[in-house]
Structure formats: C-alpha cells, structure tokens
Amino acid sequence: MFHAVSDPTRRGVLEVLRDQEELAVGAIAERLEVSMPLLSRHLAVLRAAGLVVEQHSGRRRLYRLQPEPLHELHDWAATFAEFWTERLQGLAGYLRSTRPDPTGRGDVPDTGGSRPDGT
Amino acid sequence: MARDIKIETRLPDPPEVVWRALTDPDALRAWLMPIEGFAPAVGNRFRLTAKPMPGWDGVIHGEVLEVDEYRLLSYRWQGTQMKRPTTVTWTLTPTDGGGTRLRLDHTGFTGVGGAILRLMHQGGWRKFLRRHLPGHLPGQRDHPVDSEHTPE
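Note that the structure is predicted; figures quoted are calculated from it, not measured. Residue numbers run consecutively from 1 along every chain, following the written order of its sequence. Chain letters start at A and ligand numbers start at 1, both assigned in the order the entries are written. Per-residue local features of the predicted model are confined to residues with pLDDT of at least 70, and side-chain atom pairs are confined, for both listing and counting, to 80 or more; whole-chain, interface and lining totals are unaffected and use all residues.

Q: I'm lost on the sheet that holds strand S1 (residues 23-24) of chain A in this one. Help?
A: Backbone hydrogen bonds hold the strands of a sheet together, and the pairing may be parallel or antiparallel. All names here are of chain A. Two strands make a pair as long as DSSP finds a minimum of two bridges between them. In this description a helix means any DSSP run of H or I spanning at least four residues, a strand means any run of E spanning at least two, and both kinds are numbered starting from the N terminus. Taking strand neighbours across the sheet as the criterion, the three strands line up as S1-S3-S2 in an open arrangement whose pairing is antiparallel. Edge positions in the sheet fall to S1 and strand S2 (52-57), since each has one partner strand and no second. By the bridge criterion, six bridges tie S2 to strand S3 (residues 60-65) in an arrangement that is antiparallel. In the strand pairing of S3, Gln55 is matched with Leu62.

Structure representation (structure tokens):
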C-alpha cells in the first residue's frame, strides 16, 4: 500500500481517476504523459494494492478508483486530535453541570454549569 | 510512522470527581458517547457506539489495559474501520488548588506519515474521501459523532 502510493506517477494515476468516474488506459497515459508500457506497469502495482479496478469495455480497458484501501492512509491522529479536543470540552461541561451548587453560589455563577462549551 | 496525540487540560474538580466522570458509564454516555459494558477493571471489554455512517457502523471496541484508581486509566481503542488498535490513556494529577491536571494520550496510530500523507490530503483528496468514505472521520465537523449526546 505504501509502496503503491510512494511513486509520483502512481499518485498521478490516482489523482486523475479521483476526479473521473472511470478512464480508459489511453486517456490516463495522455493526461500523465507517460508511455503505455510504463503506465501498464504502474497500473499493475495499483491493482495489486486494490486501489484501482480494471474493466473491459469492448477493446478498451477502463480504470476506476477503489476508495476503500485509502482507509489505511487516513490520518487517524489528526482526526482524533480534533475529536478529543471537542470531547474534553464536553467533559469540562459535564463536570460543571454535576458540581453541587444548590444555593447558586458556586464558582461558575453565570452559566449555572449547564453549558457544554469551553471555559 | 507513529503519530501520537497528547492533550492536557486543567479542571477545577478533584481527581476523584474527574475519575468518576472517566469511569462511570452514565457519565461517559453524557460527555463521550454511548457505551456498553464498561467497568474500570483490567481486561474489561466494552463497546462505544458513535453515530453510524456510510462506510462505518460507528462501533469502537475497547479493552481496559491499566487501572490505577484516581491516577491512570488506559484502554485499547479500535474503531471497526481502523486496521490496528490504538491506546487511550488518561493520567490524573492533583493540582495545588484541589483541582486536576488531566492528560490524554492517544497513541499507536500507524499509517502513512510525512510527505505522502500531505500529498494525499491536499487538493481534492479530502473532498473525495468525504464523498466516498464519510465514515472515516469520526470527529469531522459536518458529521459530529455525538452532537446529540452532549450534556443537556
């Protein structure tokens, strides 16, 4: 997988296919300005990684991107950094809301401790 | 390539109170997300349920790895869409004012880092991933995972 996307030409193939439903091999070669034999080799690597699928339409070979393996490339850390920042605000709000404050003279007099936003 | 998350926050509540919020299922449901079967005991297996989305059933599997009451809680965290498990660790330290310094470590992320990641995330890739794999972003803004579960 990493090997498949480590090559600039192969990334070019993925980007070309990303913006199209499907493309014939010839059209990909044209857009990337690479020779057919070279492109075929790159396509084989991408097929092996499960990133593209080939379909035959008459004598044309059509390629389509398969997004599922891209899961592996997802930047989970960046996603969860955002997720946890939000959740920690939720935790702070939850703690505020559970602070005993029967007389209304608590340390957060204005909000009453019920808002889940940050301090 | 591993990339770790470390977030620290200060809370006015003492560690005992923060600990309860981190370990009581009702509290977790209030600020984190729906949770089943959780108990702060090593080996305990539990299940978190985020909002299902296309490409992800919303399920996160957890297993408690380490418990040091009022001080440290650690569990395995693996969304069904994640290839490898990650580890979430909460560390509680009492502060002088009677509050708590709470530290979150989320570690064990593997995947493409550096240049390739930047390339994959630039330009049209984010849009593409959102369209084709909406479930891959539990925290993304246009799909808040648990907006209906915030307190109140």
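Q: Sorry, what's going on with the packing of helix H2 (residues 8-18) of chain A against helix H4 (residues 36-48) of chain A here?
A: Packed helices, taken two at a time, are described by the angle between their axes plus the distance between the axes. All names here are of chain A. For the pair H2 and H4, interaxial distance at closest approach is 10 Å and the crossing angle is 70°. Considering their axes alone, H2 and H4 lie roughly perpendicular with respect to each other. On H4, the residues that touch Thr9, Arg10 and Val13 of H2 are His42, Leu43, Val45 and Leu46. Grouping the constituent residues of the contact of H2 with H4 by class yields four nonpolar, two polar and one charged. Every angle, taken between N-to-C directions, lies between 0 and 180 degrees, and every axis is a line fitted to C-alpha atoms, over only the stretch in contact when it is a helix. To sort the angles, those under 35 degrees are grouped as roughly parallel, those over 145 as roughly antiparallel, those from 65 to 115 as roughly perpendicular, and the leftovers as oblique. A pair of residues counts as a contact when their C-beta atoms, built from backbone coordinates, are separated by no more than 7 Å. Gly counts as polar in this scheme, as do all residues outside two lists: the nonpolar Ala, Val, Leu, Ile, Met, Phe, Trp, Tyr, Cys and Pro, and the charged Asp, Glu, Lys and Arg.

Q: Honestly, the sheet that holds strand S4 (residues 59-68) of chain B in this entry has me stumped. Any pointers?
A: Ordered in space as S1-S7-S6-S5-S4-S3-S2 (chain B), the seven strands form an open sheet in which the pairing is antiparallel. Of all the strands in the sheet, just strand S1 (3-11) and strand S2 (35-36) of chain B have a single pairing partner and so form its edges. Note: S2(B) against strand S3 (residues 45-49) of chain B, two bridges, orientation antiparallel. Considered in S3(B), the bridge of Ile35(B) is made with Leu48(B). Each of S1 and strand S7 (100-109) of chain B touches helix H5 (residues 76-98) of chain A; the most contacted strand, S1(B), lies at about 15° to it. With respect to the sheet, helix H1 (residues 15-23) of chain B is in contact with S1, strand S5 (72-79), strand S6 (86-94) and S7 of chain B, its orientation differing from that of S6(B) by roughly 160°.

Q: Hey, could you run me through the environment of Glu63(B) in this one?
A: All names here are of chain B. Looking at the element boundaries, Glu63 is found in strand S4. Exposed residues have 12 or fewer other C-beta atoms within 10 Å of their own C-beta, buried residues have 20 or more, and partly exposed residues fall in between, where C-beta atoms are placed from the backbone. On the basis of neighbour count, Glu63 is assigned to the partly exposed category, with 16 C-beta atoms found within 10 Å. Taking the C-alpha atoms as reference points, Glu63 and Phe46, separated by 17 residues in sequence, lie 6.1 Å from one another.

Q: Looking at this model, I keep getting lost on H2(A). Mind explaining?
A: Helical geometry: 3.6 residues make up each α-helical turn, so side chains three or four residues apart lie on a common side. Those residues of H2(A) not exposed but buried are Arg10(A), Val13(A), Leu14(A) and Leu17(A). Looking straight down H2(A), one finds that the buried residues subtend no more than 95° of arc, so they occupy a single side. It is the directions from the helix axis to the C-beta atoms that the arc portrays.

That's the geometry; what it means functionally is another story.
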